[in-house]
Amino acid sequence: MNALFNPLKLGAIEVPNRVFMAPLTRVRADANHVPTDLMVEYYSQRASAGLIIAEATMAIEGNSAFWREPGIYSEAQVDGWKKVTDAVHNKGGKIYLQIWHGGRACHPALNDGADPVAPSAIAITSDEVHTPEGKKHYTVPRVLGDEEIPAIIDGFRSAAANAKRAGFDGVEVHGANGYLLDQFLRDGSNFREGPYGGPIENRARLLIEVIEAVSDEIGSENVGVRLSPLNSFQSMKDSDPVALGNWLAQSLNKYNLAFVHLMRSDFFNLEQADVVTPFREHYQGKLILNMGYTGKEAEEAIETGLADAIAFGVPFLANPDLPERFRLGAELNDADASTFYTQGAAGYTDYPNLETVPEL
């Protein structure tokens with residue numbers, strides 16, 4: 001698997017391999033959304049990744065969608081994340097922070113009764129949200145006014161500045177998986193009129209403005225963006241995901257981004273299309289692909305030029321030494337899904353590394 005282990009220039013940094021860790025929500029922050037010492041251990045265990053993209057992190061206070069997800073808007077959170085980045089860097093790793101707004105995926109029970117906001121008053125109906133009072137149905141969001149949007153953009157700008165102060169090598173803007181920026185992007189959740197609704201260029205306006213603001217703050221070479229034109233998670237849909245992807249690929253060429261991180265498929269396989277091939281044809285920068293890759297398939301994608309790197313989610317969750325396992329062709333640990341969203345060390349920091357083979 002030589003291609004997986006070639007270094008890669010990624011914006012302002014060079015990474016040692018192309019086995020990236022995808023952002024994985026694990027809800028191990030404290031009640032004030034401050035990263036914990038357990039998170040320090042978890043991320044430092046995975047420092048052999050070419051790049052760690054840390055989990056979805058609240059850019060703006062009062063927009064919780066997972067109860068104990070981390071934030072990056074307070075000094076305590078910056079200090080908590082600094083412990084994480086120091087631990088990863090001390091092991092020779094590189095780490096980006098995914099900055100995020102949940103939009104309609106937030107819930108009043110997680111935000112002192114505040115209604116969630118979204119491009120249109122359309123609730124998520126395909127799932128339920130975990131709260132301190134148990135699972136609850138999502139609520140109908142309040143329509144975000146055009147006059148409120150500058151504050152959202154400023155929130156992402158501040159989050160990027162805080163991420164750099166916390167020692168991150170860069171940030172990934174979360175424009176995927178049914179959260180606020182993705183809700184604006186896709187016509188199944190954005191029914192609004194005006195400058196942020198209607199044709200693709202209007203629906204993409206908020207994402208582009210966030211990218212520009214974050215790039216102005218920390219440099220576009222330190223910025224990535226994640227996209228999921230196909231993913232139906234959280235009641236998402238678009239009438240033409242390929243056209244949406246193509247428009248974004250061409251438009252993002254204007255920015256000297258570190259990378260675009262593209263999810264190739266739908267969590268539930270409800271939406272079927274090839275969004276990767278046309279995106280690769282149109283996008284001239286570094287492209288990370290994600291969703292269900294094996295090590296062999298990842299190697300092939302890089303060798304053929306389809307991708308520059310592959311991000312792995314669940315395999316990295318259960319295998320802190322995933323690059324070494326790929327290099328040796330070793331067996332992978334199985335992930336325990338029952339511990340994905342619990343608060344303890346079980347299923348988080350207790351997955352074993354490969355056993356050291358004693359010398360004969």
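As the structure is a computational prediction, the values presented were derived from the model and not from experiment.

Q: So what about the overall build of the protein? Which residues, and what values?
A: Tallying secondary structure elements over the protein gives 11 helices and 14 strands in all. The C-alpha radius of gyration computed for the protein amounts to 19 Å, which stays within 12% of the reference 21 Å derived for 360 residues, consistent with globular compactness. Based on the C-alpha atoms only, the size of the protein along its principal axes is roughly 70 × 45 × 40 Å. Every one of the 360 residues in the protein was classed for burial, and the buried ones make up 58%. Here the analysis covers contacts within the protein between residues at least 6 apart in sequence; of these, 72% occur between residues at least 24 apart.

Q: Tell me about the pairing of strand E11 (residues 223-227), and please be specific about residues and values.
A: A regular strand carries its side chains on alternate faces of the sheet. With respect to burial, E11 is a largely interior element, 5 of its 5 residues being buried. Residues Val223, Val225 and Leu227 line one face of E11 and the alternating positions Gly224 and Arg226 line the opposite face, and both faces are buried. Alignment of E11 against strand E12 (residues 259-263), held across 4 bridges, turns out to be parallel. Bridge pairing in E12 places Gly224 opposite Phe259.

Q: How would you explain the environment of Ala22 if you had to name every residue and give the values?
A: Of note, Ala22 is situated in the loop between strand E3 (19-21) and helix H1 (37-45). In this structure the C-alpha to C-alpha distance between Ala22 and Tyr351, which are 329 residues apart in sequence, comes to 17 Å.

Q: Give a detailed account of helix H6 (residues 205-218), specifying residues and quantitative values.
A: Spanning 14 residues, H6 covers 20 Å between terminal C-alpha atoms, matching the ideal 20 Å at 1.5 Å per step. Taken as a whole, H6 has its buried residues at Leu206, Leu207, Ile208, Val210, Ile211, Ala213, Val214, Ser215 and Ile218. Once H6 finishes, Gly219 follows within two positions and takes phi at roughly 95°, a positive value.

Q: Break down the nonpolar core for me, citing the residues and quoting the values.
A: Nonpolar side chains tend toward joint burial in soluble globular proteins. One finds Tyr43, Trp81, Ile99, Val214, Leu227 and Leu252 to be the most contacted residues of the largest nonpolar core, which totals 85 residues. Broken down by element, this core gets its largest block of residues, 8 residues, from H6.

Q: For the confidence of the model for the protein, give the residues involved together with the corresponding values.
A: Looking at the protein, pLDDT values average 96 and 98% of them are 70 or higher. A low-confidence stretch, residues 356-360 stays under pLDDT 50, and its non-local contacts, those more than four residues away or across chains, total 0 contacts.

Calculation criteria
Residues numbered from 1 in each chain as written. Predicted model: local features only at pLDDT ≥ 70, side-chain atom pairs only at ≥ 80, totals over all residues. Heavy atoms only, no water. Helix = DSSP H or I, 4+ residues; strand = E, 2+ residues; numbered from the N terminus. Rg over C-alpha atoms; globule rule 2.2 N^0.38 Å. Buried < 20%, exposed > 50% of the residue type's maximum accessible area, 1.4 Å probe, protein only. Contact = heavy atoms within 4.5 Å. Pairing = 2+ DSSP bridges. Expected span 1.5 Å × (residues − 1). Core = buried A, V, L, I, M, F, W, Y, C linked by side-chain atoms within 4.5 Å. pLDDT = per-residue confidence, 0-100.

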